[in-house]
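What follows is each chain in one-letter form.
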Amino acid sequence: MRIHYLQHVPFENPGSILVWAKTNQSIITSTQLYNDEALPEVNEFDWLVVMGGPMNIYEEDQYPWLKAEKELIKAAIKANKVVLGMCLGSQLIADSIGGKVVQNKQKEIGWLSITFSKEAKASPLFAFFPDNPVVFHWHGDTFVELPEAATVIAASTACKNQAFIYNKRVFGFQFHLENTLSIINDLIANCGDEMVPDDYVQLPEEVLAHPEYIRQDNQWMAAFLTQLKQMVEVDDL
């Protein structure tokens, strides 16, 4: 299996996704967009993973590679590839399929719970999640007005659109299950000025006080990817 990931800043890599991919003997390639690296052709990968980042999807003047990235995402979806987006990645996918990305009423930063829909919990892809799992958030924008072929599958108190599935093989997660302690430390070091206490914004010390959440999120990420791989192999999506 060939997995290609798109990385927007040096401090947001795929984390535990890479651990899972290496364990499953996948061929891993990447594009570091912040270094203006060339994007791959669609026939060069089976799965496309689109990472997070502090920029917004509509900042093409400041980040001109966003335009070409969106075109690659569209092409990958059209080619029936598995596409997985995390945070900014989910918003880029939403934009690419005709949805809209707007500023959410509340920022979410830290360990906050989500709720999966009954339909999602009925799927082997999400059935192992407990009720109200605590996951890691760091976003101010959200996706809305998704096309009919997209189904929102999770929500939180502050943001009603937390995850979606599109045409069975495309997944957008507003939250992060992949973040390791190293990534979270780097996020705080590079973007900590955003951590102004609010109803859904936690301080660095509160975020760093829960290594057990990191371990659990990484386990859920691995379980989701393993189930997805099995379903793709038998084309049972």
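Residue positions are counted from 1 within each chain, in the order its sequence is given. Totals for whole chains, interfaces and linings use all residues, but because this is a predicted model, local features are given only for residues with pLDDT of at least 70 and pairs of side-chain atoms are given and counted only at 80 or more. Just so you know, side-chain values use all the structure's heavy atoms and leave hydrogens and water out.

A. Examining the sheet that holds strand 3 (residues 47-50) more closely. Strand pairing requires that DSSP identify at least two bridges connecting the strands. Going along the chain from the N terminus, every DSSP run of H or I of four or more residues is numbered as a helix, and every run of E of two or more is numbered as a strand. Sheet architecture is open: eight strands sit in the order 2-1-3-4-10-9-8-6, paired in mixed fashion. The open sheet has two edge strands with one neighbour each: strand 2 (27-32) and strand 6 (115-116). Of the pairings in the sheet, the one linking strand 8 (residues 150-155) to strand 9 (residues 163-166) comprises four bridges and is antiparallel in character. Bridging from a neighbouring strand, Ala150 pairs with Tyr166 of strand 9. Along the sheet face, helix 7 (residues 211-233) touches strand 3, strand 4 (82-86) and strand 10 (170-173) and points at about 165° away from the line of strand 4. Residues count as neighbours in contact if any of their non-hydrogen atoms are within 4.5 Å of one another. Interaxial angles span 0 to 180 degrees and are taken between N-to-C directions of axes, which are lines fitted to C-alpha atoms, for helices over the stretch in contact.

B. Up close: the layout of surface pockets. Residues are called lining when one of their atoms sits within 4 Å of a cavity or pocket point, these points coming from a 1 Å grid over the protein atoms alone, where a cavity is a set in which a 1.4 Å probe fits but cannot get out and a pocket is an open set with protein on both sides within 12 Å along at least five of seven lines. Grid points are joined across faces, edges and corners, and a volume is the space filled by probe spheres set on the points. Roughly 300 Å³ of internal volume is contained in the largest pocket. Lining the largest pocket we find 20 residues, and of these Pro54, Asn56, His139, Gly140 and Glu194 sit closest to its centre. Contributing elements (two or more residues each) for the lining of the largest pocket: helix 3 (88-96), strand 5 (100-113), strand 7 (134-144) and helix 5 (181-191). Element by element, the count of residues in the lining of the largest pocket is highest for strand 7, at four residues. Here the term charged refers only to Asp, Glu, Lys and Arg, the term nonpolar to Ala, Val, Leu, Ile, Met, Phe, Trp, Tyr, Cys and Pro, and the term polar to all other amino acids, Gly among them. Tallied by class, residues from the lining of the largest pocket come to eight nonpolar, eight polar and four charged.

C. Main features of helix 7. A helix's residues, less one, multiplied by 1.5 Å, set its expected span. Between its first and last C-alpha atoms helix 7 spans 33 Å; for 23 residues at 1.5 Å apiece the expected length is 33 Å, and the two agree. Three or more residues of helix 7 are buried, namely Ile214, Asp217, Asn218, Trp220, Met221, Phe224, Leu225, Leu228, Lys229, Met231 and Val232. Looking one or two residues beyond helix 7, the residue adopting positive phi is Asp235, at roughly 55°. Throughout this description, buried means an accessible area under 20% of the type-specific maximum (1.4 Å probe, protein chains only), exposed means over 50%, and partly exposed covers the range between.

D. Molecular detail of the side chain of His8. In this fold, His8 is placed in the loop between strand 1 (2-7) and helix 1 (16-23). By the criterion applied in these results, polar contacts are pairs of N or O atoms within 3.5 Å in which, for protein atoms, one can donate a hydrogen and the other can accept it, and in which residues neighboring in sequence qualify only through two side-chain atoms. A distance of 3.1 Å separates a polar atom in the side chain of His8 from the backbone oxygen of Gly52. Here the side chain of His8 touches Glu69 through a polar contact of 2.6 Å, side chain to side chain.

E. Region of the structure containing the packing of helix 1 against helix 7. The contact between helix 1 and helix 7 brings their axes to 9 Å, and the two run at 45°. Taken together, helix 1 and helix 7 sit at an angle that is classed as oblique. Read as a crossing pair, helix 1 and helix 7 show a hand that is right-handed. Between helix 1 and helix 7, the contacting residues are Ser16, Ile17 and Trp20 on the first element and Asn218, Met221, Ala222, Leu225, Thr226 and Lys229 on the second. Note on angle classes: values under 35 degrees are labelled roughly parallel, values over 145 roughly antiparallel, values of 65 to 115 roughly perpendicular, and the remainder oblique. A clockwise turn of the near helix away from the far one marks a right-handed crossing, whereas an anticlockwise turn of less than a right angle marks a left-handed crossing.

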